Amino acid sequence: MKILVCVSKTPDTTSKVAFTDGNTKFDEAGVQWIINPYDEWYSLVRAIELKEKDASVAIHLVTVGGADTEPIIRKALALGGDEAIRVNSDSTDSYYIAAQIAEIAKQGGYDLIFTGKETLDYNGSSIGGMVAELVDAPYISLATKFDLEGTTATVTREIEGGEEVAEVALPVVVSCQKGVAEQRIPNMRGIMAARTKPLKVVEPVAADALTTVVGFELPPAKAGVKLVDAENVEELVRLLHEEAKAI
Amino acid sequence: MSVLIFIDHADGHVKKSSLEALTYGAKVAAQLGTAAEGLLLGTVTEDIAALGKYGVSKIHQVANDTLNHLDTQVYAAAIAEAVTATGATVVIFSHTPTGKAVAARVSAKLKAGLVTGACALPDTSNGFVVKKGVFSGKAFANVSIQTPVKIISLNPNSYMTVAGEGTATVAPLAITVGTAKIKVTAVNKVSGDVPLTEADIVVSGGRGLKGPENWGILLDLAKVLGAATACSRPVGDAHWRPHHEHVGQTGVQVAPNLYIAVGISGAIQHLAGVNRSKIIVVINKDPEAPFFKAADYGIVGDAFEVLPKLTEAIKKMKASA
Ligand SMILES: Cc1cc2nc3c(=O)[nH]c(=O)nc-3n(C[C@H](O)[C@H](O)[C@H](O)COP(=O)(O)OP(=O)(O)OC[C@H]3O[C@@H](n4cnc5c(N)ncnc54)[C@H](O)[C@@H]3O)c2cc1C
């Protein structure tokens, strides 16, 4: 049983979002990078739990990124996972990235591919579906629960206004979110072990980028809050009804 | 050349997010001087010709009941075939659980560039550039799609539904429907409640409400407003509320017309999931709570006193309106 866990780096959730070069580049000055929480807390931890139940499970991590992603890969390896593959590319196009992951997936013959539900920076929500299409596997997105019985996965996934339980035979691609597992903190033994775990760097295969970011914008600043006295809630109701036309 | 809009449905009804997508797609088509057409996989009980009032001239229907359950592989194959058969050059989805999963597959299948979570009409004056939220609502990116076929998934609540006049012709579309590998064994809908991502109004509670036993006052307010309910992450983590109500960077992202935050401090990770709301109201007893900086209206006060009064005042307003 082989699991491929896709991880990516994102700015720490408290990072200030600013842009340089005429609003075409994210300003990385002073930014702390973390493992995308959906990848770390949910997909990776769930993969580790599966390995804890069955020691024959192998967990491989894959990331598409430059050398600066290595610290977060080491951190992911410290949580668990046997080895990591970094595809050496800085691309931000989802299709290009998915094509790289699909290539690794095909070579490795994985039974299960986990992604996070989205990354916190580009909020694309598209890598899992694209990889699934490129490797011709079923795809279950937005999983909130994942169980495995032999070669059948039972997955609870979010649908609009509720949840749905689905069964599927492996191989399958699953995107994970809250519910699938609980966040863990790496321990000292894991951190030591991660230093010597294999981290293979491979060059990207040829693939097209289908989109480019031409520029960024910051949202317009709020005009400022209108405070209403707690003894006068009728005034708030009036403002919401007449001024904001929201109720 | 046409704009093809994917029409999603559940329980026999077309989803609200799809009505927004139809309105949006019709506008994109007008901008490009071409026709807007809908694509419906499966069957619904309502009159689909009436969807013409959102600006689509034709609806292609693959009336196969196996399509009433989502298998992304089967859907993607059917949609890709429909795109080719209808000669569509722009395909519109809603950025909902179904749309997110399917749009990505169709994009890879057709090698057609995809922008997810679009929040405005594309700029077609020079190429094809779509605006979308990035960094969890803290910024926007303008993304250019370079491929001949372009795919957009539209964020719910970011484009207002406009119904005009007109009926669409409904044309059956003969395409191969594959065999689903995914078997749906149970569907659990939160019945009676408004789905969070579709709601016009969201009332949300944080740790300031002290415990699950105190949620009654918040539910009462939600009820008079016909609002969906949400919560901050610690509230979900402590199981005071079901985890699917957790909004924020790591939870659900919402963009309602009105977001009312009660006893929530307004941490940056919370704001990331709600800052696309049109109007934000904050009720917090701490005047220094960071949420007030992101709010349009606010009351500094104790939620336990303010909420019941607010609910009564809204009831009165509704009765007299
Ligand atoms: C990586 C990461 C991701 C995260 N993702 C999310 C996320 O997606 N969503 C999220 O919500 N959080 C998220 N968090 C947590 C976030 O940082 C905050 O800790 C959390 O939002 C705080 O929840 P709260 O506002 O309910 O609680 P608190 O911060 O404890 O605030 C409670 C508020 O209630 C007020 N209050 C108390 N009593 C009353 C009263 N009687 N009447 C009125 N007001 C009262 C207080 O003044 C205070 O402002 C994340 C954190 C990290 C590190």
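Below you will find a few notes about this structure. (Residues numbered from 1 in each chain as written. Chains lettered and ligands numbered in written order. Predicted model: local features only at pLDDT ≥ 70, side-chain atom pairs only at ≥ 80, totals over all residues. Heavy atoms only, no water.)

Tallying secondary structure elements over chain B gives seven helices and 17 strands in all. Expected size for 321 residues packed as a compact globule is a radius of gyration near 20 Å; at 21 Å, chain B falls within 12% of this value. A principal-axis box enclosing the C-alpha atoms of chain B has dimensions of 60 × 45 × 40 Å. The 321 residues of chain B split such that 61% are buried. Of the accessible surface of chain B, which amounts to about 11900 Å², a share of 54% is contributed by carbon and sulfur atoms. (Helix = DSSP H or I, 4+ residues; strand = E, 2+ residues; numbered from the N terminus. Rg over C-alpha atoms; globule rule 2.2 N^0.38 Å. Buried < 20%, exposed > 50% of the residue type's maximum accessible area, 1.4 Å probe, protein only. Areas by Shrake-Rupley, 256 points an atom, 1.4 Å probe, with all protein chains shown as cover.)

Here we come to the interface of chain B and chain A. Contact residues are listed per partner, giving 88 residues for chain B and 78 residues for chain A. Between chain B and chain A, the buried area comes to about 7200 Å², and carbon and sulfur atoms account for 58% of it. When the area that chain B buries against chain A is broken down by residue, the three leading residues are B:Arg105, B:Phe135 and B:Tyr297, summing to 11%. Scanning the region where chain B abuts chain A turns up nine salt bridges. Here A:Glu167 makes a salt bridge to B:Lys183, at a shortest N to O gap of 3.8 Å. The interface formed by chain B and chain A contains 41 residue pairs in polar contact (both at pLDDT 80 or more). (Contact = heavy atoms within 4.5 Å. Buried area = accessible area lost by both parts, 1.4 Å probe. Salt bridge = Lys/Arg side-chain N within 4 Å of Asp/Glu carboxyl O. Polar contact = N/O pair within 3.5 Å; in protein donor to acceptor, adjacent residues only side chain to side chain.)

Each aromatic ring pair is summarised here by two numbers: the centre-to-centre distance and the angle between the ring planes. Summed over the entire model, instances satisfying the criterion amount to 15 aromatic pairs over all chains. Ring geometry for A:Trp41 and A:Tyr42: centres 6.0 Å apart, planes at 85°, overall edge-to-face. Residues A:Trp41 and A:Tyr42 agree in their burial class; the two are buried. A ring pair is formed by A:Tyr122 and B:Phe135, whose centres lie 6.3 Å apart and whose planes are at 45°; its orientation type is tilted. With A:Tyr122 in the loop between β8 (112-116) and α4 (127-135) and B:Phe135 in the loop between β8 (129-134) and β9 (139-145), this residue pair bridges two chains. (Phe/Tyr/Trp six-rings, centres within 6.5 Å; stacked < 30°, edge-to-face > 60°.)

Honestly, that's just the spatial picture; any functional story needs more than this.
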